Amino acid sequence: MCLNNCYIKQKNHIIVFNKKEELKNHLSTLSKNNTIGFIPTMGSLHEGHLSLINRSNSDCDISICSIFINPTQFNDKADYLNYPKDTKNDLNLLKQVECDIIYMPEITDIYTKNQTIKKYNLSGLDLFLEGKYRPDHFNGMVSVVEKLFQIIEPDYAYFGEKDLQQLYIIKELVKDKNINTTIIGCPTIRERNGLAKSSRNKLLSKDDLGYCSIIYQQLILCKESFEDTPFTELKKNIEEKLTKEDRIKIEYLEFVDIKTFKPQQKFNIKTKYALCIAVNISGVRLIDNIIL
Ligand code: AMP
């Protein structure tokens, strides 16, 4: 809560920075008297992202959103090149939700030429699920988030539960590196049919979008029965339902211990579980989860 020299939000007023030095300069006086909330994104914004900005606005004096498609977290070049971009619409949306500052760097503002990415120790949280199927994804993601935290030095940073493993890895990063930022996890925002909102949904046909409602339907059903039905049976059931039509290919479907993200085979009353899934539909990769 700001008591002195407080920043006053102005409707439809947003400042865009492309250079970290200019942003740092701008923040150097502001951040002394105001709390800073930060929302890192890769753009092509939707209501999921906007929910993080809204949460930041209610917690903090100033909200900063970054838009940067980070090449080092893509293990598939085509996926990187196809990643949707919609800068004009992003700026409009961010104005509408009264975000204060946007940081939209060029790659050279973040990485030096031929920079090698250091290896992070993520306490094994990166060994399973996304870490297993997208080698180096988390290392690249963590390296850009650490750089952004160093530039912005936010008091709070907001991440979606939609990327649950990412959220827990960032919590681990902050703990391990003693970073003075509180990480806030925010609930997954969904389409009306239950599909988790994602920038990649734009790449789906209307028909596939409709079909994908089956993913969340199945996750919800599991929440009701995971304590008394063997995990193998539940997984087999979901696999059968999702692949009944030949459209969806399941990459992984795992009950994990939310503390380690290690896949679990049986229910144990002391463990907190999440059911995590990654699928491919018409060449588009989607992930989702439910905390059980
Ligand atoms: P991205 O632009 O996909 O890197 O996502 C930026 C942030 O928005 C991450 O913290 C995501 O977890 C979060 N996010 C993406 N989709 C959703 C959603 N449907 N609901 C809530 N948060 C989301």
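Residues numbered from 1 in each chain as written. Predicted model: local features only at pLDDT ≥ 70, side-chain atom pairs only at ≥ 80, totals over all residues. Heavy atoms only, no water.

1. Section: the nonpolar core
The tendency in soluble globular proteins is for nonpolar side chains to be buried side by side. Counting 45 residues, the largest nonpolar core has Phe149 and Ile170 as the members making the most contacts within it. Apart from residues no more than four positions distant in its own chain, Phe149 is found in contact with Phe38, Pro154, Ala157, Phe159, Ile170, Val174, Ile179, Thr181 and Ile183. Leu204, Phe226, Phe231 and Leu286 belong to the second largest nonpolar core, which has 25 residues in total. (Core = buried A, V, L, I, M, F, W, Y, C linked by side-chain atoms within 4.5 Å. Buried < 20%, exposed > 50% of the residue type's maximum accessible area, 1.4 Å probe, protein only. Contact = heavy atoms within 4.5 Å.)

2. Some remarks on the domain arrangement of the protein chain
One can read the domain layout of the protein chain as domain 1 (15-186) and domain 2 (199-291). With centres defined by C-alpha atoms, the gap from domain 1 to domain 2 works out at 26 Å. In this complex, domain 1 contributes 24 residues to the contact, which on the side of domain 2 involves 21 residues. At the boundary of domain 1 with domain 2, total buried surface from both sides reaches about 1,900 Å², with 61% on carbon and sulfur atoms. Of all residues in domain 1, the largest losses of buried area upon contact with domain 2 belong to Phe128, Leu129 and Leu164, amounting jointly to 30% of the total for that side. Linking domain 1 with domain 2 are two salt bridges. Of the charged contacts in the structure, one is a salt bridge between Glu130 and Arg285, with a shortest N-O distance of 2.9 Å. (Domains from an automatic or database assignment. Buried area = accessible area lost by both parts, 1.4 Å probe. Salt bridge = Lys/Arg side-chain N within 4 Å of Asp/Glu carboxyl O.)

3. Some points on the packing of aromatic side chains
This model, assessed by the stated rule, comprises 11 aromatic pairs. Residues Phe74 and Tyr80 carry aromatic rings whose centres are separated by 5.3 Å and whose planes lie at 55 degrees to one another, so their mutual orientation is tilted. The interplanar angle of 10 degrees and the centroid separation of 4.0 Å between the aromatic rings of Phe231 and Phe255 together place this pair among those described as stacked. Placement of Phe231 in helix H11 (residues 231-242) and of Phe255 in strand S7 (residues 248-257) is noted, with a sequence separation of 24 residues between them. Phe255 sits in the buried class, given a relative accessible area of 0%. Taken together, the ring pairs in this structure connect Phe226, Phe231, Phe255, Phe267 and Tyr273 into an aromatic cluster. Of note, Arg190 hangs over the ring of Tyr216, and the distance from its end group to the ring centre comes to 3.5 Å. (Phe/Tyr/Trp six-rings, centres within 6.5 Å; stacked < 30°, edge-to-face > 60°. Helix = DSSP H or I, 4+ residues; strand = E, 2+ residues; numbered from the N terminus. Lys NZ or Arg CZ within 6 Å of the ring centre and 35° of its normal.)

4. A closer look at the sheet that holds strand S2 (residues 36-41)
The strand order S1-S4-S3-S2-S5-S6 describes an open sheet built from six strands, whose pairing is parallel. Lying at the two open borders of the sheet, with one neighbouring strand each, are strand S1 (15-17) and strand S6 (182-186). Within the sheet, the average angular offset between the axes of one strand and its neighbour, ignoring direction, is 25 degrees. The sheet strands contacting helix H1 (residues 20-33) are S1, S2, strand S3 (62-67) and strand S4 (101-103), and the helix crosses S4 at an angle near 150 degrees. (Pairing = 2+ DSSP bridges. Axes fitted to C-alpha atoms, helices over the stretch in contact; angles between N-to-C directions.)

5. Overview of the site of the ligand
Taken together, 17 residues form the shell around the ligand, and within it Met42, His49, Asp163, Ile189 and Lys197 come nearest. Taking Asp163, its side chain carries an N or O atom lying 2.6 Å from an oxygen atom of the ligand. Taking Lys197, its main chain carries an N or O atom lying 2.8 Å from a nitrogen atom of the ligand. When the ligand is considered free in solution it has 490 Å² of accessible area, and contact with the protein chains removes 93% of it. Among the secondary structure elements, those contributing two or more residues to the shell around the ligand are S2, helix H2 (47-59) and strand S5 (156-160). Residue composition of the shell around the ligand, grouped by class: seven nonpolar, seven polar and three charged. (Near = heavy atom within 4 Å. Polar contact = N/O pair within 3.5 Å; in protein donor to acceptor, adjacent residues only side chain to side chain. Areas by Shrake-Rupley, 256 points an atom, 1.4 Å probe, with all protein chains shown as cover. Nonpolar A, V, L, I, M, F, W, Y, C, P; charged D, E, K, R; others polar.)

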